[in-house]
Amino acid sequence: TYYPRYVFLTLGWYPSKWWMEESAGNDTLVSCSNSQLEEVLDRSLVINIYPTADNEDAPTDVGKTYNEFLSEYRTELNQTSFVESFAAPFAYDALWAFVLAVTKTNLTYPLSEFDNEVKSETITAEIMGTLDGLSFTGLTGEVSFDLRTGTRQQSQPRVMQYRFEFSSDPILIGRIITDNGSDPILMYINNETNDTVWPIIIPFDGSPLTESRTIVLPVFIIMYILATAGVILAVVCAVLNFVFRKR
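Residues numbered from 1 in each chain as written. Predicted model: local features only at pLDDT ≥ 70, side-chain atom pairs only at ≥ 80, totals over all residues. Heavy atoms only, no water.

A. Quick look at the side chain of aspartate 93. Here aspartate 93 is to be found in helix H4 (residues 88-105). Engagement of the side chain of aspartate 93 in a polar contact is seen with the side chain of threonine 140, the distance being 2.6 Å. Each residue touching aspartate 93, except ones within four places of it in the same chain, is listed here: Val62, Phe136, Gly138, Leu139, Thr140 and Val143. (Helix = DSSP H or I, 4+ residues; strand = E, 2+ residues; numbered from the N terminus. Polar contact = N/O pair within 3.5 Å; in protein donor to acceptor, adjacent residues only side chain to side chain. Contact = heavy atoms within 4.5 Å.)

Shown next as structure tokens:
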């Protein structure tokens, strides 16, 4: 196996089972089998810079949990020729954000006025203005917006891991904390620890290792006195040998 010698990093927006021939298509340039690729991916990490819910079974403000949505989405998807998209739950939350924003503005414009450029800009500005105080729990976690940039509030990147002995889908293990400009820290969630994430050994990341050894102060003092006495005795012996060298 590749772990613990190697651990690969992959991106979180790949579709489910992206390495399998059924998902990726039968590429004649790829000679690896599904099982060989799974051997390479096992225990590899998945970095997802998009927000996702820590608890995929937790209740939300949009009427269903993440797992309930995913089940319905995949059921509908199986009846089409489309492939699964990582963006589906985000699109669902985006639609809810739009509906809540429109509801909050209490717009009464007829649809015909959306064709008017001036009116359309006014309507858009009113909807955007409501996003400032908009906040709800969606499929992908807490949803709110930063009007300075017009984007969703910054979210902590999530870290997942492939463990094929349990599932072919990555398991959420932690999130990356980057508060106060400090170095990024991986904080485990869902009862994960170093022992569950790295059952054999924590992989070497290439950083130089330094090892420091210390001794207790009394032992240091004793060794220092003995070493000093030894040096003095050596000097005395050297002097005596020089003085009495002819005897």
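B. Local environment of the sheet that holds strand E6 (residues 158-163). With respect to topology, five strands assemble into an open sheet ordered E1-E2-E6-E7-E8, the strand pairing being mixed. Looking at the sheet topology across the chains shown, the edges are occupied by strand E1 (9-11) and strand E8 (185-188). Neighbour-to-neighbour, the strand axes of this sheet turn through a mean angle of 40°, independent of strand direction. (Pairing = 2+ DSSP bridges. Axes fitted to C-alpha atoms, helices over the stretch in contact; angles between N-to-C directions.)

C. Spatial organisation of the environment of phenylalanine 8. As for its position among the elements, phenylalanine 8 is in the segment before E1. Since its relative accessible area comes to 37%, phenylalanine 8 is described here as partly exposed. A C-alpha to C-alpha distance of 4.9 Å links phenylalanine 8 and serine 44, two positions 36 residues apart in sequence. Those residues within four positions of phenylalanine 8 in sequence are excluded, and the remaining contacts are Tyr2, Val40, Ser44 and Leu45. (Buried < 20%, exposed > 50% of the residue type's maximum accessible area, 1.4 Å probe, protein only.)

D. The arrangement of the nonpolar core in detail. Within the largest apolar cluster, 17 residues are counted, with the highest numbers of intra-cluster contacts made by Tyr73, Leu134, Phe136 and Phe145. At the level of secondary structure, the elements contributing two or more residues to this core comprise helix H3 (66-77), H4, helix H5 (117-130) and strand E4 (141-146). When residues in this core are grouped by element, the largest group, five residues, is from H3. With near-sequence residues (within four places) excluded, leucine 134 lies in contact with Ala97, Leu100, Lys104, Val143, Ser144 and Phe145. Ranked by size, the runner-up nonpolar core spans nine residues in total, among them Met160, Tyr162, Leu172 and Ile189. (Core = buried A, V, L, I, M, F, W, Y, C linked by side-chain atoms within 4.5 Å.)

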